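Take a look at the letters that make up each chain.
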Amino acid sequence: MFKKILIANRGEIAVRIIKACQEMDITAVAVYSDADRSSLHVQTADEAVYIGAAPAKESYLNIDRIIQAGKDTGSEAIHPGYGFLAENAVFAERCEQENIVFIGPNSKAMKLVGDKIRSRQAMEKAGIPIIPGMKSELKDISKSKLEAEKIGYPVMIKASAGGGGKGMRIVYKEAGLKTALEAGKREAKAAFGNDSVYLEKYIEEPRHIEFQILADNFGNTVHIFERECSIQRRHQKIVEESPSPALEPQLREKMGAIAKKVINVTGYNNAGTVEFLLDKNKKFYFLEVNARLQVEHPVTELISGIDLVHQQIEIASGKKLAFKQKELQQKGHAIECRIYAEDPTNNFLPSPGKILFLKEPAGPGVRHDCGIYSDSDVPIYYDPILAKLIVWAADRDKACRRMKKALDDYVVLGCKTNIEFLKDVIDHPLFKEGKTTTDFIKDNFPDWHPPEKPQSLKELALAVAAFNSQDPNKQGRGYRAEPKETLSPWHKLGKWSIGGGK
Amino acid sequence: MDYEFIIDGDLHEIFLEKKDEQFYISLGEESKRADMRWISDNVVSLLTGGKSYCIYLASDKKQCHISINGHNFLVEDLSDEEEVFTGGEHGSEEAALFIKAPMPGKVIKINVKEKQAVRKNQTLAVVEAMKMENEIKSSIDGQVKKINAAPGDLVDPDMVLIELETKS
């Protein structure tokens with residue numbers, strides 16, 4: 001087993017990995033940029049190395065600096081966390097060359113799964129279901145009928161140059177195909193100056209379902225069941241859960257087996273995630289492999305009792321998996337909410353600044369993976385994720401209630417967060433019924449505003465404000481000393497809206 | 001003692017008096033009694049009408065942030081301010097003409113040219129911060145008077161990126 005591991009990350013995930021190392025009697029080395037000298041991961045670690053200026057390119061993405069920090073501290077392995085260098089095959093290769101163990105998949109498998117076209121080809125060859133579609137643009141409109149039939153209706157017309165929904169058309173029947181193609185081509189031409197389009201299967205009411213995989217270096221592979229991550233905003237997951245309300249045992253078994261096959265086809269080892277889309281008829285399609293520890297990994301840990309970071313370290317150190325597929329159980333229900341520094345009333349703009357006060361929710365079945373503390377700064381340079389709140393309960397209904405209560409108990413002062421928005425998501429009737437698709441936020445919260453605050457509480461807030469003003473020791477009470485120069489003037493600005501008065 | 005506060009944008013007056021370890025709170029016509037005490041620097045326990053509230057508060061220079069039962073309030077104390085804030089979004093007309101960055105970040109793209117006519121909600125520029133690209137939109141129908149930023153510039157929220165004018 002390793003004696004020392006360097007954690008090439010920051011924020012809540014670095015803290016979570018550092019704690020796992022310490023539990024395993026492994027010395028944990030943090031790295032930090034100028035923006036993070038006072039951050040929680042540096043305080044939590046056993047050793048800390050400065051690696052450069054605040055912009056990620058000069059610190060957390062600087063391969064040379066991180067390798068040097070690993071060598072200088074005598075670290076035997078590097079855990080990349082998620083984001084930054086976690087799925088960078090050049091970094092994984094470099095670790096291999098420098099004789100430092102990269103805690104993650106081998107670089108060859110990482111390259112393969114990171115290449116969408118190659119991995120799609122490999123999956124198709126192996127008989128893994130992928131979203132049916134054309135491999136090249138539709139040059140001849142007269143062939144579209146045949147292509148659409150091959151794919152199966154409904155089909156989606158997509159602009160080859162495109163993105164942002166421009167040129168996109170959904171066609172349910174052959175009769176509408178020609179008109180839609182012409183309109184799609186015109187739109188693509190207008191938007192991108194290029195009218196080439198292609199056809200792809202349109203997935204109706206899609207759910208995002210992913211399977212957690214562990215694979216050791218000896219060819220043993222298990223899946224630790226699914227996570228449903230359909231609640232997304234701008235393709236960013238915000239709520240995840242396990243089990244998925246959409247999976248029956250048989251389907252779960254089938255998808256799990258396919259997920260393991262995906263991993264074996266790619267020669268993948270360590271922890272990984274196989275993502276699928278599931279349509280309303282319960283047909284599923286492979287999307288991609290995430291070659292890292294996922295943000296939402298705690299959900300799997302709570303329903304399975306398996307510590308994924310411990311497992312990653314064990315596997316990387318050359319141990320065999322200590323359990324077999326049939327020994328694994330999905331117990332109870334877990335839900336995760338991602339806590340972001342962002343303003344849900346202002347288009348979810350990031351809201352960096354200073355956390356004046358934090359009270360973490362706690363209690364039976366409540367886990368809080370956290371990267372902040374009272375008085376900490378939220379720098380502008382990195383992802384606005386602050387923490388993750390994860391609950392476990394015996395069933396889904398109880399887990400929803402527990403999450404709602406935990407969000408109610410969660411206090412962050414001084415920095416805008418999405419907590420109130422999350423409460424409304426968890427409380428939404430369709431969420432409670434488990435009717436979740438990737439369009440859930442778009443369809444149900446097109447223009448979210450916080451609920452009206454009870455008048456009685458407003459009065460109490462005024463009373464406490466007066467009580468606070470009256471307090472002779474107010475310098476030491478609620479009033480905190482004026483923060484020193486922080487990295488962001490944001491918190492001094494009060495409410496902002498784009499373009500000013502609305 | 002009388003206090004004047006702006007709470008979530010509205011001006012309120014409140015009278016608070018301490019008598020026999022109890023606080024008497026008067027808001028307009030109504031008056032109630034409460035037992036309030038500090039639990040720690042940022043926590044107040046308040047008992048009133050048989051109900052118990054745990055209230056969290058923290059202040060920065062200007063405002064007091066207060067959280068009760070999962071609801072957050074922003075309170076500004078006007079009592080010892082020299083300049084009385086009139087409330088409301090004064091100057092919003094002008095603000096509409098000066099498009100500023102919503103946050104510190106980097107300009108990725110300027111989508112308009114000087115003298116170009118723009119529609120309300122048209123994207124004027126894209127600013128990146130915290131790994132996210134944010135579109136800066138026009139708040140008026142009008143035209144671009146002046147552009148003060150170029151792609152690659154690092155901008156602060158008080159910096160005017162684009163000046164607009166109403167079409168004459």
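Look above for the structure.
An account of the accompanying structure is given in this report. (Residues numbered from 1 in each chain as written. Chains lettered and ligands numbered in written order. Predicted model: local features only at pLDDT ≥ 70, side-chain atom pairs only at ≥ 80, totals over all residues. Heavy atoms only, no water.)

### Observations concerning the overall build of chain B
Along chain B, the regular secondary structure elements total one helix and 16 strands. Looking at chain B as a whole, 43% of its 168 residues qualify as buried. Of the contacts made within chain B by residues no fewer than 6 positions apart, 40% connect residues no fewer than 24 positions apart. (Helix = DSSP H or I, 4+ residues; strand = E, 2+ residues; numbered from the N terminus. Buried < 20%, exposed > 50% of the residue type's maximum accessible area, 1.4 Å probe, protein only. Contact = heavy atoms within 4.5 Å.)

### Some details on the packing of aromatic side chains
Considering all chains together, one arrives at 17 aromatic pairs over all chains under this definition. Seen from their ring centres, Phe-357 of chain A and Tyr-56 of chain B are 5.7 Å apart, and the 25 degrees between their planes marks the pair as stacked. A residue pair is termed interchain when its members come from two chains, as with Phe-357 of chain A in strand β18 (residues 357-359) and Tyr-56 of chain B in strand β6 (residues 51-59). Each member of the pair, Phe-357 of chain A as well as Tyr-56 of chain B, carries the same accessibility label: buried. Where Phe-431 of chain A meets Phe-440 of chain A, the ring centres are 6.5 Å apart and the plane angle is 65 degrees; that geometry is what we call edge-to-face. Here the two residues Phe-431 of chain A and Phe-440 of chain A agree in accessibility, since each one is buried. (Phe/Tyr/Trp six-rings, centres within 6.5 Å; stacked < 30°, edge-to-face > 60°.)

### So, the interface of chain B and chain A
The parts lose accessible area when they come together, and the size of an interface is often stated as this lost area. With 64 residues of chain B in contact, the opposing surface of chain A contributes 59 residues. At the surface where chain B touches chain A, the tally comes to three salt bridges. Linking Asp-10 of chain B and Lys-458 of chain A is a salt bridge whose minimum nitrogen-to-oxygen distance equals 3.3 Å. If you look at where chain B meets chain A, you find seven residue pairs in polar contact (both at pLDDT 80 or more). (Salt bridge = Lys/Arg side-chain N within 4 Å of Asp/Glu carboxyl O. Polar contact = N/O pair within 3.5 Å; in protein donor to acceptor, adjacent residues only side chain to side chain.)

### Observations regarding the environment of Leu-328 of chain A
Residue and element names in this part refer to chain A. In this structure, Leu-328 sits in the loop between α11 (308-316) and β14 (333-340). The buried category is assigned to Leu-328, whose relative accessible area is 12%. Placed 26 residues apart in sequence, Leu-328 and Leu-302 show a C-alpha to C-alpha distance of 13 Å. In contact with Leu-328, other than residues within four places in its own chain, are Val-222, His-223, Ile-224, Phe-225, Ile-306 and Phe-323.

### Quick look at the pairing of strand β14 (residues 142-147) of chain B
All names here are of chain B. Here strand β11 (residues 117-118) pairs with β14 via two bridges, running antiparallel. Paired with Val-118 across the bridge in β14 is Gly-142. Examined bridge by bridge, β14 and strand β16 (residues 160-165) share four bridges and lie antiparallel to one another. Residue pairing in the sheet places Lys-146 in a bridge with Glu-163 of β16. (Pairing = 2+ DSSP bridges.)

### Notes on the sheet that holds strand β3 (residues 47-52) of chain A
Residue and element names in this part refer to chain A. Here five strands make up an open sheet; going across it, the order is β3-β2-β1-β4-β5 and the pairing parallel. Since the sheet does not close on itself, it has two edges, and those belong to β3 and β5 (101-102), each with one partner. Judged from the four bridges that link them, strand β1 (residues 4-7) and strand β2 (residues 27-33) form a sheet pairing that is parallel. Note that in β2 the partner of Ile-7 across the bridge is Ala-30.

### Description of the nonpolar core
As a rule of thumb, soluble globular proteins bury nonpolar side chains together. Residues and elements named next belong to chain A. Judged by nonpolar contacts, the single largest core of 76 residues is most densely connected at Ile-5, Leu-214, Val-239, Ile-313, Ile-339, Leu-407 and Ile-426. The element best represented in this core is strand β21 (residues 385-393), accounting for seven residues. Among residues more than four places away in sequence, those in contact with Ile-426 are Val-239, Ile-335, Cys-337, Cys-400, Met-403, Lys-404, Leu-407, Phe-431 and Lys-432. (Core = buried A, V, L, I, M, F, W, Y, C linked by side-chain atoms within 4.5 Å.)

### Some words on unusual backbone geometry
Residues and elements named next belong to chain A. Omega for the peptide link from Tyr-153 to Pro-154 comes to -5 degrees, which places this bond in the cis form. Within the secondary structure, Pro-154 is located in the loop between α7 (144-151) and β6 (155-159). Of note, the bond from Ser-242 into Pro-243 is cis; its omega dihedral lies within 30 degrees of zero at -5 degrees. Mapped onto the elements of the fold, Pro-243 is located in the loop between β11 (236-242) and α9 (249-266). Positive phi, close to 65 degrees, is recorded for Asn-99, a residue that is not glycine. Mapped onto the secondary structure, Asn-99 falls in the loop between α4 (89-97) and β5.

### What about the sheet that holds strand β3 (residues 22-27) of chain B?
Residues and elements named next belong to chain B. Pairing within the closed barrel is antiparallel, and its eight strands lie in the order β1-β2-β3-β4-β5-β6-β7-β8. Ignoring which end each strand starts from, the neighbouring axes of this sheet average 35 degrees apart. Two elements, strand β4 (residues 30-40) and strand β5 (residues 43-48), share five bridges in a ladder whose sense is antiparallel. Note that in β5 the partner of Asp-35 across the bridge is Leu-47. (Axes fitted to C-alpha atoms, helices over the stretch in contact; angles between N-to-C directions.)

### Some details on the environment of Phe-276 of chain A
Residue and element names in this part refer to chain A. Along the chain, Phe-276 falls in strand β12 (residues 270-278). Of the residues examined, Phe-276 reaches a relative accessible area of 0% and is grouped as buried. Each C-alpha atom of the pair Phe-276 and Ile-313 lies 26 Å from the other, and the pair is 37 residues apart in sequence. If sequence neighbours within four positions are ignored, Phe-276 has contacts with Arg-207, His-208, Ile-209, Phe-211, Met-255, Ile-258, Ala-259, Phe-284, Tyr-285, Phe-286 and Leu-287.

### What to know about α4 of chain A
All names here are of chain A. Within the sequence span of α4, burial applies to Ala-89, Phe-91, Ala-92 and Cys-95. For α4, the arc enclosing every buried residue in end-on projection is 160 degrees, short of the 170-degree limit, so these residues lie on one face. Exposed side chains of α4 directed beyond 90 degrees from the buried face belong to Val-90 and Gln-97. Looking at the buried positions of α4, the neighbouring elements they touch are α3 (63-73), β4 (77-79), β5 and α5 (107-114). The opening residue of α4 is Asn-88, an N-cap whose side-chain oxygen sits 3.0 Å from the backbone nitrogen of Val-90. (Arc of directions from axis to C-beta.)

### As for the packing of α5 of chain A against helix α6 (residues 116-125) of chain A
Residues and elements named next belong to chain A. Here α5 crosses α6 at 95 degrees, and the two axes come no closer than 5 Å. With respect to α6, the element α5 is oriented roughly perpendicular. Of α6, the residues touching α5 (which contributes Lys-111, Leu-112, Val-113 and Gly-114) are Lys-116, Arg-118 and Ser-119. Here the contact of α5 with α6 is composed, by residue class, of two nonpolar, two polar and three charged. (Parallel < 35°, antiparallel > 145°, perpendicular 65-115°, else oblique. Nonpolar A, V, L, I, M, F, W, Y, C, P; charged D, E, K, R; others polar.)

### Brief notes about the pairing of strand β13 (residues 284-290) of chain A
All names here are of chain A. Among the seven residues in β13, five count as buried, and that is most of the element. With six bridges joining them, β12 and β13 adopt antiparallel strand pairing. Each bridged residue has a counterpart across the sheet, and for Leu-277 the counterpart in β13 is Tyr-285. Linking two consecutive strands that pair antiparallel, namely β12 and β13, is a turn of five residues; a positive phi of about 65 degrees is found at Lys-282 within it.

### Describing the environment of Pro-379 of chain A
Examined against the element boundaries, Pro-379 of chain A turns out to sit in the loop between β20 (377-378) and β21. Sequence separation of Pro-379 of chain A and Ile-390 of chain A is 11 residues, and the distance between their C-alpha atoms is 24 Å.

### Some details on the pattern of salt bridges
Residue and element names in this part refer to chain A. What the rule picks out here adds up to 46 salt bridges over all chains. Across the pair Glu-147 and Lys-150 runs a salt bridge whose closest N-O atoms are separated by 3.9 Å. Placement of both Glu-147 and Lys-150 in helix α7 is noted, with a separation of three residues, approximately one turn of the helix. Its relative accessible area of 21% is what places Glu-147 among the partly exposed residues. Salt bridges here are not isolated pairs; linked through shared partners, they connect Glu-210, Arg-227, Lys-237, Glu-240, Glu-275, Glu-296 and Arg-338.

Bear in mind that shape data such as this cannot, by itself, settle questions of function.
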